[in-house]
Amino acid sequence: MVRLTRLLTTKAAVRALWVLALGVIGTFAIAVVAGATEPRPWQLGFQPAATPVKERLSAFHDELLIIITLITVFVLGLLVYVIWRFNQQRNPVPSHTSHNTVIEMLWTVVPVLILIIIAIPSFKLMYYMDRVPNPEMTIKVTGHQWYWSYEYPDQGGLTFDSNIIPDDQLKPGQKRLLDVDNPLVVPADTIIRLQFTGTDVIHSWFVPSFGVQEYAIVGRLNESWMTVEHPGSYYGQCNQICGVNHAFMPIKVEAMSKEGFQRWLVDAKKKFARRDKGADPVRVAAGADPGDAHAAPAGN
Ligand SMILES: [Cu+2]
C-alpha cells in the first residue's frame, strides 16, 4: 500500500513536470510565432527584429549566449570534478602546490583570447549602428517632460507632439501605456537618419524592435538611424528616468509603405499646419513681439 502511494506520488510528480515543461515550451513558441513588436505577457527573449541593426544585435546576442553557456558548463564541470575528486575522503593528504606557471599562463591568456574574439564583432556592430549609411530622410526627435515631439525637416518642417492616451480614453484595441495620439509615421524600407535632443531633462528614445536607444539631451544633437523593413506598428518607451511621468511618455512608430507615407504627409501637413508655421497664439496674446515667437525657447 505504501509502495503504491509512493508510486502514485512519483507518477503525479512526473506528470506535473511534463505539464510545466510543455507550458514553458508553449509560451516560448507563442512568443516566437506571435511576431510581437511590443512587450507581451510571459515573453521570452527579444522582440522580433524590425531593422537590420536589431537583426545583427539579436544574432550577436545569440553568439554570446553560446560562448557564455560553454564557459559556464566548463566552470561547473571543473567545480563538480574538484568536489568529487579532492574531497577529504578521496584525497586525505592535500597537495601543497601554490604555483603552476603553465596553468597560470593559460587562465590568463585564454580569457584574453575569448574577450578579443567577442570584442571584434562587438566593435564592428557598434560602428555599424553609429554610422548612418546614405540617409534618404531625417527625423528629429525631441524629448520633453513628458512627451515626445517629432519633426520632419525634409518634409517642410512638419512638426507635431506625441502624447500618451490616458487609460480612461483608450479605445478597444489600443494598448495601455503604449498607444499615443500622434504616432511617429515613417516610410518602410527607407534609410532614416534620426536626430535626438531634449528641452528639459535627459530622456532616452528606445524602441526595442529597432535596436535604437538614444539619449535626448538638452543642447546636444545625438544621431542614430533605422530602416524599418516592413510596415506595421512598433512600440517603445522613454528609457531614462526623467521625472514623475517617466512611465507615461511611450513611443509608437507607424511604418507605412512609401506611397502610404506620401498620402499621410498630405493629411498631416493640413492637420499640424498651425504648428508648422511656428505660430504661438498664447505668446502673441501675452504681448511679446510676434517676430520673437520663433526665437523664443520652447516652453516646458
Ligand atoms: Cu523621458
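In what follows, the structure referred to is the one given above.
A brief look at the structure comes next. (Residues numbered from 1 in each chain as written. Predicted model: local features only at pLDDT ≥ 70, side-chain atom pairs only at ≥ 80, totals over all residues. Heavy atoms only, no water.)

What about unusual backbone geometry?
In this structure, W146 follows Q145 across a cis peptide bond, with omega equal to 0°. Inspection of the secondary structure puts W146 in the loop between β1 (137-144) and β2 (147-152). A positive phi angle is found at W42, which is not glycine, with a value near 65°. Among the secondary structure elements, W42 is positioned in the loop between α1 (2-33) and α2 (52-85). The backbone of D189 shows a phi angle near 55°, a positive value even though the residue is not glycine. In this structure, D189 sits in the loop between β4 (184-187) and β5 (192-198). Assessed through its relative accessible area of 52%, D189 is described here as exposed. (Helix = DSSP H or I, 4+ residues; strand = E, 2+ residues; numbered from the N terminus. Buried < 20%, exposed > 50% of the residue type's maximum accessible area, 1.4 Å probe, protein only.)

Overview of the environment of P250
Looking at where P250 falls in the secondary structure, it is placed in the loop between β9 (232-238) and β10 (251-256). Placed 12 residues apart in sequence, P250 and C238 show a C-alpha to C-alpha distance of 6.2 Å. Sequence-distant contacts of P250, defined by excluding residues within four places in its chain, comprise W148, I164, L177, L178, D179, V180, G236 and Q237. (Contact = heavy atoms within 4.5 Å.)

Concerning the pairing of β5
Counting buried positions along β5 gives six out of seven residues, so the element sits mostly inside the fold. Strand direction decides the pairing type here: β5 and strand β8 (residues 222-226), joined by five bridges, are antiparallel. Residue pairing in the sheet places R193 in a bridge with W225 of β8. (Pairing = 2+ DSSP bridges.)

Overview of the coordination of the copper ion
Reference values for coordination geometry: four tetrahedral donors around a metal ideally subtend 109.5 degrees, six octahedral donors ideally subtend 90 or 180 degrees. Within the protein, the copper ion binds to H203 (ND1), C238 (SG), C242 (SG) and M249 (SD); these donor distances fall in the range 2.1 to 2.6 Å. Angles of 92 to 130° at the metal separate the four donor atoms of the copper ion, which places the site in the tetrahedral class. Read in sequence order, the donor residues for the copper ion give the motif H-x34-C-x3-C-x6-M. Residue classification places C242 among the buried positions, given a relative accessible area of 4%. (Donors = N, O, S within 2.8 Å, 3.2 Å for Na, K, Ca; no water. Tetrahedral: all angles 85-135°; square planar, octahedral: opposite > 155°, others 65-115°.)

Quick look at helix α4 (residues 258-271)
At 3.6 residues per turn, the α-helix brings residues three or four places apart onto the same side. The end-to-end C-alpha distance of α4 is 20 Å, a good match for the 20 Å that 14 residues give at a rise of 1.5 Å each. The elements touched by buried residues of α4 are β1, β2, β3 (158-162), β4 and β10. (Expected span 1.5 Å × (residues − 1).)

Brief notes about the sheet that holds β8
Pairing within the open sheet is mixed, and its five strands lie in the order β3-β2-β1-β5-β8. Looking along the sheet, the strands with just one partner apiece sit at the ends: β3 and β8. Adjacent strand axes in the sheet meet at a mean angle of 25° when their direction is disregarded. Packed on one face of the sheet, α4 meets β1, β2 and β3 and runs near 85° to β3. (Axes fitted to C-alpha atoms, helices over the stretch in contact; angles between N-to-C directions.)

Interpretation note: all reported values are geometric properties and have no functional meaning in isolation.
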